[in-house]
Amino acid sequence: MAGEPQADCLFCKIAAGEVPATIVRETETTVAFRDINPQAPTHILVIPKVHYANALELSAAEPAIAGDVLHQAGLLAAEEKVDETGYRIVFNTGPGAGQTVFHAHAHLLGGRDLQRLV
């Protein structure tokens, strides 16, 4: 069921503490952790604790939690000191866009020149 943890979802397992990750922030609704294959010096994933396959499903069903994901990404950009030099918040949606884990998540990228597409 939408919103419920999925037994076969890596990010649901990270949110539940069943799979280790380098967690940098946790709130009532989100978990943020460092990407294991970083594409920039700062590469943090911010996930909702509820399970939705992508950003569109999350924003339609739980707009406040979608806002929390964005808000936490912005706070982390400041903590990581990439807020003044520039950063990206990216939601990949679907396999054609590079989504490999089908649990909505934002990539916070910064710490290098991001003028070209990643």
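The rules behind the values
- Residues numbered from 1 in each chain as written.
- Predicted model: local features only at pLDDT ≥ 70, side-chain atom pairs only at ≥ 80, totals over all residues.
- Heavy atoms only, no water.
- UniProt positions renumbered as here; feature names shortened; annotations may be inferred.
- Helix = DSSP H or I, 4+ residues; strand = E, 2+ residues; numbered from the N terminus.
- Buried < 20%, exposed > 50% of the residue type's maximum accessible area, 1.4 Å probe, protein only.
- Contact = heavy atoms within 4.5 Å.
- Polar contact = N/O pair within 3.5 Å; in protein donor to acceptor, adjacent residues only side chain to side chain.
- Phe/Tyr/Trp six-rings, centres within 6.5 Å; stacked < 30°, edge-to-face > 60°.

Undergrad: What is the right way to look at the UniProt feature "active site" (unreviewed entry) in the protein in this model?
TA: Those places that UniProt annotates as "active site" (unreviewed entry) correspond, in this numbering, to His 105. Tracing the backbone through its elements, the reader meets His 105 in the loop between strand E4 (87–90) and strand E5 (106–110). Note on His 105: relative accessible area 7%, which makes it buried. Not counting residues within four places of it along the chain, the set of residues in contact with His 105 comprises Phe 11, Leu 45, Val 46, Ile 47, Val 90, Phe 91 and Gln 99. From its side chain, His 105 meets the backbone oxygen of His 103 in a polar contact 2.6 Å long.

Undergrad: Explanation requested: the packing of aromatic side chains in the structure shown.
TA: Pairs of aromatic rings are described using the distance from one ring centre to the other and the angle between the two planes. Applying the stated rule across the entire model yields one aromatic pair. Residues Phe 11 and Phe 33 carry aromatic rings whose centres are separated by 5.5 Å and whose planes lie at 75 degrees to one another, so their mutual orientation is edge-to-face. With a gap of 22 residues between them, Phe 11 in helix H1 (residues 10–15) and Phe 33 in strand E2 (residues 30–34) connect regions that are remote in the sequence. A single burial state applies to Phe 11 and to Phe 33, both of which are buried.

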